[in-house]
Amino acid sequence: MKTTTPFVWIVFSLGLFAMLPAQAKDETVRLSYPSKVEASKGKEREKLFSPWMTSESLRTFIEEKRAKGEQIVFFEYNNATGQSRGIFVSKLKLSGPFSRWSFTNEAAMEEKLNNEIKAGLQPAFISRNVSGAFSMLFVSPGDLVAVRAELTKLGIGEPRLKK
């Protein structure tokens, strides 16, 4: 009897463990590497940027450019001034939704990254400037290839993500 009691407890414990609900796999995406922004194309990009402006002014400017058939494909945010500037192209018309975000905090950036991916958008680029601010552009999966092709011409690579 003494030898079967531990065996019964082991079987009982294994049965209890098997009945526990399986834990969901963590689907949180973490930024592995931001997009590589080639310094060799810096002068070329500099000529294409809009002037620096407040976020509200840039939002209005983006809508004006879209009405003229131009789409924002890259932008930067300056922590010190709180201003942004963007690069627009006329060769691209997005068929789906897009969003752009700037963050000074990596945890907040990763939270937004995950929320946008869960909403069905994909990061076209994620850059980090010298002051540490993150800038991100999200597009629909159907627009991703075309946007990344434009970014490649500008020397801006795709971000590498890990789960």
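The structure this text deals with has already been given above.
What comes next is a walk through the structure.

About the thresholds
Residues numbered from 1 in each chain as written. Predicted model: local features only at pLDDT ≥ 70, side-chain atom pairs only at ≥ 80, totals over all residues. Heavy atoms only, no water. Helix = DSSP H or I, 4+ residues; strand = E, 2+ residues; numbered from the N terminus. Buried < 20%, exposed > 50% of the residue type's maximum accessible area, 1.4 Å probe, protein only. Contact = heavy atoms within 4.5 Å. Areas by Shrake-Rupley, 256 points an atom, 1.4 Å probe, with all protein chains shown as cover. Lys, Arg positive; Asp, Glu negative; His and termini not counted. Salt bridge = Lys/Arg side-chain N within 4 Å of Asp/Glu carboxyl O. Pairing = 2+ DSSP bridges. Core = buried A, V, L, I, M, F, W, Y, C linked by side-chain atoms within 4.5 Å.

### Looking at the overall build of the protein chain
No. 1: Secondary structure assignment for the protein chain yields five helices and eight strands.
No. 2: Secondary structure elements of the protein chain occur, N-terminal to C-terminal, as α-β-α-β-α-β-β-β-α-β-β-α-β.
No. 3: By the burial criterion, 37% of the 163 residues in the protein chain qualify as buried.
No. 4: Expressed as a percentage of contacts within the protein chain between residues at least 6 apart in sequence, the contacts between residues at least 24 apart total 70%.
No. 5: With the model as given, the accessible surface of the protein chain reaches about 10200 Å², and the carbon-plus-sulfur share is 58%.

### Things to note about the side chain of Arg100
No. 1: Turning to its location among the elements, Arg100 is positioned in strand 5 (residues 98-103).
No. 2: In this structure Arg100 is buried but unpaired, with Glu56 as the nearest side chain of opposite charge at 7.7 Å.
No. 3: In contact with Arg100, other than residues within four places in its own chain, are Ser55, Leu58, Arg59, Ile62, Ile72, Phe75, Met136 and Leu137.

### Quick look at the sheet that holds strand 3 (residues 71-78)
No. 1: The antiparallel open sheet is built from three strands, whose spatial order is 2-4-3. Of all the strands in the sheet, just strand 2 (53-54) and strand 3 have a single pairing partner and so form its edges.
No. 2: With seven bridges connecting them, strand 3 and strand 4 (residues 83-89) associate as antiparallel partners. The partner of Tyr77 across the bridge, within strand 4, is Ser84.

### Looking at the pairing of strand 4
No. 1: Counting buried residues along strand 4, six of its seven residues qualify, which places the element largely inside the surrounding structure.
No. 2: Pairing between strand 2 and strand 4: two bridges, direction antiparallel. Across the sheet, the residue bridging to Thr54 is Gln83, located in strand 4.

### Focus on the pairing of strand 6 (residues 122-128)
No. 1: Counting buried positions along strand 6 yields five of seven residues, so the element is predominantly enclosed.
No. 2: With six bridges joining them, strand 6 and strand 7 (residues 134-139) adopt antiparallel strand pairing. Paired with Gln122 across the strands is Val139, a residue of strand 7.
No. 3: Between the antiparallel neighbours strand 6 and strand 7 lie five residues, among them Gly132 with a positive phi of about 95°.

### Looking at the nonpolar core
No. 1: Residues Val73, Phe74, Val147 and Leu151 are the most contacted members of the largest nonpolar core, which totals 22 residues.
No. 2: Listing elements by their share of this core, those giving two or more residues are helix 3 (55-67), strand 3, strand 4, strand 6, strand 7 and helix 5 (141-153).
No. 3: In terms of residues, this core owes the most to one element, strand 3, which gives four residues.
No. 4: If sequence neighbours within four positions are ignored, Val73 has contacts with Ile87, Val89, Leu92, Phe125, Leu137, Glu150, Leu151 and Leu154.
No. 5: One finds Val29, Leu113, Leu121 and Phe134 within the second-largest nonpolar core, a separate group that totals ten residues.

Structural measurements only, silent on function.
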